[in-house]
Amino acid sequence: MDDSVKYKATLGKSPVISIKGLNKSFGENVVLNDFNMEIFEDENLVLMGKSGSGKSVLIKCVIGLMEPDSGTIEVLGRDIITLKQQEMDELRAEIGFLFQGSALYDSMTVRENLEFPLRRHRNKMNGNKTKDLVMEALENVGLAHTLDLMPAELSGGMQRRIALARALILKPKIIFYDEPTTGLDPITAKEIILLMLDVQKKYNTSSLIITHDVDCARVIANRIILLYEKTNYAEGTFTELSTSSDPKVKAFFK
Amino acid sequence: MVGNFPIAANLISFFTEIGALSHFAGRFFKELFSRPFEFREFLRQCYQMGNKSLVLVGITGFILGLVFTLQSRPTLLEFGAVSWMPSMISISIVREIGPVIIALICAGRIGSSIGAELGSMKVTEQIDAMEVSGTNPFKFLVVTRILAATLMLPILILIGDLVAVIGSALVENVKGDVSFLLYFNQVFEALEYSDLLPATIKSFFFGFAIGLVGCFKGYNSSKGTAGVGKAANSAVVFTSLLLFVLDFIAVFVSDVIYG
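About the criteria used
Residues numbered from 1 in each chain as written. Chains lettered and ligands numbered in written order. Predicted model: local features only at pLDDT ≥ 70, side-chain atom pairs only at ≥ 80, totals over all residues. Helix = DSSP H or I, 4+ residues; strand = E, 2+ residues; numbered from the N terminus. Buried ≥ 20, exposed ≤ 12 C-beta atoms within 10 Å, placed from the backbone. Pairing = 2+ DSSP bridges. Axes fitted to C-alpha atoms, helices over the stretch in contact; angles between N-to-C directions. Contact = placed C-beta atoms within 7 Å. Core = buried A, V, L, I, M, F, W, Y, C linked by C-beta atoms within 7 Å. Domains from an automatic or database assignment. Nonpolar A, V, L, I, M, F, W, Y, C, P; charged D, E, K, R; others polar. Expected span 1.5 Å × (residues − 1).

Attention now goes to the overall build of chain B. The number of helices and strands found in chain B is eight helices and zero strands. Ordered by position from N to C terminus, the α and β elements of chain B give α-α-α-α-α-α-α-α. Overall, the C-alpha framework of chain B stretches about 65 × 50 × 35 Å when taken along its three principal axes. Classification of the 259 residues of chain B by burial places 41% in the buried group.

Dropping the structure here:
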């Protein structure tokens, strides 16, 4: 799909995530300074930036794993900074998270990994329904045969797909991808990108994708934000940013 | 300034660690009584710690009983006091040697395993993933493990004590021609309530210390694989030290109570 068409597809939609004036420091080290961002319904927003620029910190602030120093973060209309633990847990059922290293529980089988979020958020669900949802999630990523395997028995690409299945099992409205293609060979990386697009189409999710992978950004992004010098430095479609005359922006797309 | 005085720096770091450990223990008690209760994970941890340490504890106890009896026999023979063997062995094993040696073995087996497991879960973001899944990782990982260690240690120590006494009886049976029945009769005559109770109470504290320090080191391990190794190693070292301190306190208190 053409870049501008992808961008226009999200115009006029309401924001699912809205971040205003976000600041976060670790001691003297300022990581985010007056960061602002919105993600709209059905949008794939890619966040690019140098290593250590605070992308993962940002995503962890949005999901409530870290507390920002100041600023507001609204997710699905709720200000996450004021939420109580139970409300936060309820909100997290609407959010999927694909971790950089997959973060599968290595003492559990693939089935138990997938059942874990279901047991937490849908504890009244009967056994057959749970089984069906696990199978559906595995079939979505083409790995139904791995049900009783341990994560250590899977390749890196398979682990990433299982992690994606786990992130999707609660049918979230928003998915965060932290470096989804890092450490994968080009073919597997492409498979993961296509899978992400399929997911977006099938479940109409909004996605925040942190990546260094220019190919990934080109294929998947409706819009890109460049995190540089602790704030949102530039914003636009892939074409707009990759053809930018600003050398700092251009450097990311070489 | 403090950097110029390594002893002062080490002392500050030691007391900071003790403070953080106490805070961690406080959080354990706070979370222990709040819902939801993770029974399934607790039972899994009891199985992992109890059942899987059984062979190690059994072998250790058996060798302990054998060696202790073999080493004591010549001295007791010299004084014509070999008939005291069952009471001497059983009291010293039940009151002191059994709990301390088996707790040290469990500090190596259970403490290091908890430290390494939680450390690696932290490094690979599994703890974050758990939190994102709507689970309180402290309750799921820490509370269940500390509780399981606290409850499993006394059982393991009792089993280890029993196997050690069997080992001792075997030596007496072979070398002294004492029947097992006679040996155990003398053991049960010698052992009193005041020998068993303080030792059992002490074992709960040993189990708590093993679980607490293992979880504390693992849960707070720094990033990277080196941090995982360090968490496992320091869990064993710190727990071993703590076990001796707890043992001293337990012996002191029981001496005050029972005289």
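Next comes the rest of the write-up.
This next bit is on the sheet that holds strand β10 (residues 231-236) of chain A. All names here are of chain A. Here we have six strands laid out as an open sheet, ordered β6-β7-β8-β3-β9-β10, and mixed in their pairing. Single-partner strands in this sheet number two, and they are β6 (95-98) and β10. The mean inter-strand angle of the sheet, taken between neighbouring strand axes irrespective of direction, is 20°. Where strand β3 (residues 44-49) and strand β9 (residues 223-228) come together, five bridges link them in parallel fashion. The residue of β9 that forms the bridge with L47 is I225. Helix α2 (residues 55-62) contacts β3, β7 (174-178), β8 (206-210) and β9 of the sheet and is inclined by roughly 150° relative to β8.

A few words on the sheet that holds strand β2 (residues 29-40) of chain A. Residues and elements named next belong to chain A. The strand order β2-β1-β4-β5 describes an open sheet built from four strands, whose pairing is antiparallel. Two strands close off the open sheet at either side, each with one partner strand: β2 and β5 (78-79). As paired strands, strand β4 (residues 70-75) and β5 are joined by two bridges and run antiparallel to one another. Among the inter-strand pairings, E74 is bridged to a residue of β5, identified as D79.

Turning to the nonpolar core, a few remarks are in order. All names here are of chain B. Counting 131 residues, the largest nonpolar core has A103 and I210 as its most contacted members. Looking at this core element by element, the count peaks at 16 residues for helix α5 (residues 137-175). Not counting residues within four places of it along the chain, the set of residues in contact with A103 comprises L153, I157, F206, I210 and L243.

This part covers the domain arrangement of chain B. Residues and elements named next belong to chain B. On domain assignment, one finds that chain B holds domain 1 (1-34) and domain 2 (38-258). Each of domain 1 and domain 2 was reduced to a C-alpha centroid, and the two centroids are 25 Å apart. With seven residues of domain 1 at the contact, the number on the domain 2 side is seven residues.

In many analyses, interface size is given as the accessible surface area lost on bringing the parts together. Contacts between the two partners involve ten residues from chain B, matched on the other side by 14 residues from chain A. Residues of the side of chain B that touches chain A, tallied by class, amount to two nonpolar, five polar and three charged.

A few words on the pairing of β3 of chain A. All names here are of chain A. Within β3, six of the six residues are buried, leaving the element largely enclosed by the surrounding structure. Taking every second residue as pointing to the same face, both faces of β3 are buried, with N44, V46 and M48 on one and L45, L47 and G49 on the other. As defined by bridge partners, β3 adjoins β8 across four bridges and the pair is classed as parallel. Within β8, the position partnered with L47 by the bridge is I210.

For helix α7 (residues 193-219) of chain B, built from 27 residues, the straight-helix expectation of 39 Å at 1.5 Å per residue is met to within 8% by its first-to-last C-alpha distance of 39 Å. Most of α7 of chain B sits out of view: 19 of its 27 residues are buried.

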